[in-house]
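Structural overview
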Amino acid sequence: MPNPETFHLDDNIDNLAEEVRAVVDPLYERQEPLGLARPSVILVGAGGVGCWVALALVLGGVEDITIYDGDTLSGNNLNRFPLPPNSIGELKSVALASWLMDT
């Protein structure tokens, strides 16, 4: 497989077409034929399941995640969240997003 960061000109002088191969992160090589080089996810719900789904996505290499949840984090939620107690009172989506960015 050629180096994805290089390009070359066709040796045929009549057809000087420049061949450029897009740089694809090796983590996403399998998705390249589908045009999914950089996956993005919209996650609706950052509750007891959604927070762990978001963590799994981040650990899996997904960098573009949009989280929607209008609920605020309460002390009763902390047994289901990997979030610190100082997150109580914040929107779940905001608290989770800032925790994931620090992870």
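First things first, this report covers the structure right here in the doc. (Residues numbered from 1 in each chain as written. Predicted model: local features only at pLDDT ≥ 70, side-chain atom pairs only at ≥ 80, totals over all residues. Heavy atoms only, no water.)

1. Some details on the pattern of salt bridges
- By the definition in use, this model includes 1 salt bridge.
- Between Asp71 and Lys92 there is a salt bridge, and its shortest N-O distance comes to 3.0 Å. Within this pair, whereas Asp71 is found in the loop between β4 (64–68) and α2 (92–102), its partner Lys92 is found in helix α2, the two being separated by 21 residues in sequence.
- A relative accessible area of 7% places Lys92 in the buried class. (Salt bridge = Lys/Arg side-chain N within 4 Å of Asp/Glu carboxyl O. Helix = DSSP H or I, 4+ residues; strand = E, 2+ residues; numbered from the N terminus. Buried < 20%, exposed > 50% of the residue type's maximum accessible area, 1.4 Å probe, protein only.)

2. With respect to the pairing of strand β3 (residues 40–44)
- Pairing of β3 with β4 involves 5 bridges; the strand directions are parallel. The partner of Leu43 across the bridge, within β4, is Ile67.
- Following the backbone out of β3, through helix α1 (residues 50–59) and into the adjacent parallel β4, one traces a crossover that is right-handed. (Pairing = 2+ DSSP bridges. Right-handed = clockwise from strand over helix to strand, strands pointing away.)

3. Considerations on α1
- The set of residues buried in α1 consists of Gly50, Cys51, Ala54 and Leu55. End-on, the buried residues of α1 take up no more than an arc of 140°, which puts them together on one face.
- Those residues of α1 that are buried lie in contact with β3, β4 and α2.
- Phi for Gly61, located one or two positions after α1, is positive at around 105°. (Arc of directions from axis to C-beta. Contact = heavy atoms within 4.5 Å.)

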